[in-house]
Amino acid sequence: MIIYQSIAEVRGKLRHPVATIGNFDGVHLGHREIFKRVRELAKKAGGVSVVVTFAPHPLQVLAPERGVKLITSPREKAALIEASGIDYLLEIPFDAAFAALSAGEFVERVLVGTLGIEHLVIGYDYAFGKGREGDVTLLRELGGRFGYTVELLPAVANGDTVYSSTKVRELVTRGDVKGVVEVLGRHYFISGTVVHGQHRGRGLGFPTANLETDDDLLPEVGVYAVKVRIGTELYDGACNIGSNPTFQNERVTLEVFLFNFDGDLYGKEVSVFFLDRLRGERRFPSLDELKAAIAADVARCREILKDAAIVEYHDAE
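About the criteria used
What you see as residue numbers is a count from 1 along each chain, following the sequence as written. Selection of residues for local features in this predicted model requires a pLDDT of at least 70, selection of side-chain atom pairs for listing and counting requires 80 or more, and totals for whole chains, interfaces and linings are taken over all residues. Note that water and hydrogens are dropped before the side-chain values are worked out from all heavy atoms of the structure. A patch consists of residues exposed above 30% relative accessible area that lack any salt bridge, with like charges linked at up to 9 Å and nonpolar side chains (Val, Leu, Ile, Met, Phe, Trp, Tyr) linked at up to 5 Å. Areas reported as accessible are Shrake-Rupley estimates using a 1.4 Å probe. Residue values count occlusion only from the protein chains shown. Criterion for a salt bridge: a side-chain nitrogen of Lys or Arg within 4 Å of a carboxyl oxygen of Asp or Glu. The secondary structure listing takes helices from DSSP runs of H or I that are at least 4 residues long and strands from runs of E that are at least 2 residues long, numbered from the N terminus. Whether two residues are in contact is decided by their heavy atoms, any of which lying within 4.5 Å being enough. Here's how the labels work: a residue is buried when its accessible area is under 20% of the maximum for its type, exposed when over 50%, partly exposed in between, all with a 1.4 Å probe on protein chains only. Two aromatic rings from Phe, Tyr or Trp, using only the six-membered ring of Trp, form a pair when their centres are within 6.5 Å; if the ring planes differ by under 30 degrees the pair is stacked, by over 60 it is edge-to-face, and anything between is tilted. Any two strands with at least two DSSP bridges between them are considered paired. A fitted line through C-alpha atoms serves as each axis, taken over the contacting stretch for helices, and the angle formed by two N-to-C directions is quoted from 0 to 180°. With the strands pointing away from the viewer, any crossover whose connection runs clockwise from the first strand over the helix to the second is right-handed.

*Asks:* I'd like to hear about a nonpolar patch on the surface, residue by residue, with values.
*Replies:* A surface patch of nonpolar side chains, about 230 Å² in accessible area, is lined by Y124, L152 and V162. Among the structural elements, L152 can be located in strand β6 (residues 149–152).

What follows is the structure in structure tokens.
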């Protein structure tokens, strides 16, 4: 996949491009249906598939007070879009000046003038441009003027559950890492770097790796059964997200105790895949009771993970 990180990087119009536009945070199953349709139409036209998105997320610029937590970092989102078989990704820097563009100006300048789109696929609820005026009605009207067609895809759902980024955030925020697989089509994961912590776990007999991450969206505090990717290897583990109330900490941390691992992890990049939530965070009256609880958590995690496999994007494609 070729990635353009600004409009200026696009040199010449693309070959019979079929495009979609959106934020695509999380790249969930609804997004993947859009990408699938874009690929199908591009193949039929003998052209290329294009995804147009924005960085940062528009709500982080237009409504920072809402504190929107991103499901995927820009790097993770790009990797997931590439895994979907898209040919080109245009990541447009989003700022106040760009936000002031009308939908018509965006279509004429970017979609038509820069990319030369011949067909546009959009999701059922997507609108863009100043005042969200760029809805399907306006896009089709502009398509008649500039010579492209528009296809509106219906919502992708399972019963009453509509697949959306909002639904993913809701599930992850409340710790439902099992339920979110149905919407994401994969296990939720967080990536980061292993850093030094308080080294309390080693003293308790359960040495943990402390993760420093730029990812916005953490699952609800508690204990989770996880699998951890280090390089190309996967390890089972138990993860605690919280402030360690037994030790009266204030800062929320993410710590992982890896089973059957012996080595130095400091400074290494790892990815933590969340498979199940065991319990919420608790304060224990003594270290002996804390150690007993951790031992019980580890035993439950081993049982949960014994025959479990992580579901990743390419597994469900």
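Here the narrative resumes, following the displayed structure.
*Asks:* Requested: an account of the environment of K130, with residues and values cited.
*Replies:* Along the polypeptide, K130 turns up in the loop between β5 (119–122) and α6 (136–146). Sequence separation of K130 and F189 is 59 residues, and the distance between their C-alpha atoms is 33 Å. Those residues in contact with K130, other than ones at most four positions away along the chain, are A99, A100, L101 and S102.

*Asks:* Tell me about the side chain of H187, and name the residues and values.
*Replies:* Note that H187 resides in the loop between α8 (181–184) and β9 (189–195). Since its relative accessible area comes to 9%, H187 is described here as buried. Among residues more than four places away in sequence, those in contact with H187 are V181, F273, F274, L275, A309, I310 and V311.

*Asks:* Please give an account of the packing of aromatic side chains that cites residues and values.
*Replies:* Throughout the structure, instances matching the rule amount to twelve aromatic pairs. Between Y4 and Y88, the aromatic rings sit 5.9 Å apart at their centres with planes inclined by 15°, giving stacked as the arrangement. Highlighted residues: Y4 in strand β1 (residues 2–4) and Y88 in strand β4 (residues 88–93), separated in sequence by 84 residues. For Y4, a relative accessible area of 13% translates into the label buried. Classification of Y88 as buried rests on a relative accessible area of 16%. Relative to F261, the ring of Y235 lies with its centre 5.1 Å away and its plane at 85°, an arrangement referred to as edge-to-face. One end of the pair, Y235, is in strand β12 (residues 233–242); the other, F261, is in the loop between β13 (253–258) and β14 (269–279), and 26 residues separate them in sequence.

*Asks:* Hey, could you go over the sheet that holds strand β2 (residues 18–21) for me, with residue numbers and the actual values?
*Replies:* Strand order in the open sheet formed by six strands is β1-β4-β3-β2-β5-β6, and the pairing between neighbours is parallel. Looking at the sheet topology across the chains shown, the edges are occupied by β1 and β6. If you compare each strand with its neighbour and ignore which way they point, the axes differ by 20° on average. Bridge count between β2 and strand β3 (residues 49–55): four bridges; the pairing is parallel. Paired with I21 across the bridge in β3 is V52. Contacts from helix α1 (residues 29–45) reach β2, β3, β5 and β6 within the one sheet, and its direction differs from that of β2 by about 160°.

*Asks:* An account of the pairing of β3 is requested, with residue identities and associated values reported.
*Replies:* β3 sits mainly inside the fold: six of its seven residues count as buried. In this fold, β2 hands off to α1, which returns the chain to β3; that crossover is right-handed. Of the strand pairs in this sheet, β3 and β4 are connected by six bridges, and their pairing is parallel. In the sheet register, F54 faces β4, and the bridge partner there is I92.

*Asks:* Break down unusual backbone geometry for me, citing the residues and quoting the values.
*Replies:* Put simply, A55 and P56 share a cis peptide bond, and its omega is 0°. Note that P56 resides in the loop between β3 and α2 (58–62). Despite not being glycine, H16 has its phi angle at roughly 40°, a positive value. Within the secondary structure, H16 sits in the loop between β1 and β2. Judged by its relative accessible area of 36%, H16 is partly exposed. In the Ramachandran plot, F24 falls in the positive-phi region, its phi being about 55° despite a non-glycine side chain. With respect to the element layout, F24 can be found in the loop between β2 and α1. Looking at F24, the relative accessible area reads 4%, which means it is buried.

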